[in-house]
Amino acid sequence: MTDKTTPSTTTLARTDAEWRAALTDEQYRVLRQKGTERAFSGDLWDEHRPGAYRCAGCGTELFRSEAKFDSGTGWPSFVAPADSTAVATRKDRSLFMTRTEALCATCGGHLGHVFDDGPRPTGLRYCINSAALKHEPKD
């Protein structure tokens, strides 16, 4: 895993009250307060239909079903974003450890974390909270 922050986020100009009104309580907790849902509790960890995974905060396409795999962790996991500029990363030193945080590059919402224990071709595992995503099934 590289040690750089990429790409940058452009936070949408919304007040805290606007974010609270636009999101469910759980989406707000995850996206705006950097929360984590319990393993195997989200709606999308076992989703297998083809389609796109969009940010629950702003609708940006973040991941595609072709990049999703079963990591056995209880969270939706992907080998790569839909576009290299869709997901930003930065160091996260919370909880007395160093991890790589994944954020929506459009709205700055917390998505989850990226680990270097994923399958080929990238070797990465984007471990994403279901509450941060909306699945858009392919017709």
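All values derive from a computational prediction rather than experimental measurement.

Let us look at the side chain of glutamate 101. Structurally, the position occupied by glutamate 101 is in strand S6 (residues 99–104). Residue classification places glutamate 101 among the buried positions, given a relative accessible area of 3%. Among the polar contacts made by the side chain of glutamate 101, one reaches the side chain of lysine 34 at a distance of 2.8 Å. Of note is the side chain of glutamate 101, whose polar atom sits 2.7 Å from the side chain of histidine 110. Contact partners of glutamate 101, with chain neighbours within four places excluded, come to Lys34, Ala88, Thr89, Arg90, Asp92, His110, Gly112 and His113.

As a further point, take the nonpolar core. One finds Leu62, Phe63, Val87, Leu111, Tyr126, Ile128 and Leu133 to be the most contacted residues of the largest nonpolar core, which totals 25 residues. Elements that contribute at least two residues to this core include exactly helix H2 (25–31), strand S1 (51–55), strand S2 (61–64), S6, strand S7 (110–115) and strand S8 (125–128). With three residues, H2 is the largest single contributor of residues to this core. Excluding its chain neighbours within four sequence positions, the residues that come into contact with leucine 133 are Leu44, Tyr53, Arg54, Ala56, Leu62, Phe63, Pro76, Phe78 and Ile128.

Read across the open sheet, the three strands follow the order S2-S1-S9; overall the sheet is antiparallel. Each of the sheet's edge strands pairs with one partner strand only, and the pair in question is S2 and strand S9 (133–137). The mean inter-strand angle of the sheet, taken between neighbouring strand axes irrespective of direction, is 30 degrees. Pairing between S1 and S2: three bridges, direction antiparallel.

Before going further, it helps to examine the sheet that holds S8. Strand order in the open sheet formed by six strands is S3-S4-S8-S7-S6-S5, and the pairing between neighbours is antiparallel. Single-partner strands in this sheet number two, and they are strand S3 (68–69) and strand S5 (87–92). As paired elements, S5 and S6 share six bridges and run antiparallel to each other. Residue pairing in the sheet places alanine 88 in a bridge with leucine 103 of S6.

Conventions adopted
Once a new chain begins, its residue numbering starts again from 1 and follows that chain's sequence as written. Totals for whole chains, interfaces and linings use every residue, but because this is a predicted model, local features are given only for residues with pLDDT of at least 70 and side-chain atom pairs only at 80 or more, for both listing and counting. Excluding hydrogens and water, the side-chain figures rest on all heavy atoms present in the structure. Numbered from the N terminus, helices here are DSSP runs of H or I no shorter than four residues, and strands are runs of E no shorter than two. Think of it in three bands: residues with accessible area under 20% of the maximum for their type are buried, residues over 50% are exposed, and the middle band is partly exposed, with areas taken using a 1.4 Å probe on protein chains only. For the purposes of these results, a polar contact is taken to be a pair of N or O atoms within 3.5 Å, where, inside protein, one atom must be able to donate a hydrogen and its partner to accept one; residues adjacent in sequence count only when each atom of the pair is a side-chain atom. Two residues form a contact once any of their heavy atoms are found within 4.5 Å. Buried Ala, Val, Leu, Ile, Met, Phe, Trp, Tyr and Cys residues form a nonpolar core when they are joined through side-chain atoms within 4.5 Å. At least two bridges found by DSSP between two strands is the condition for calling them paired. What counts as an axis is a line fitted to C-alpha atoms, over the stretch in contact for a helix, and the angles between N-to-C directions run from 0 to 180 degrees.

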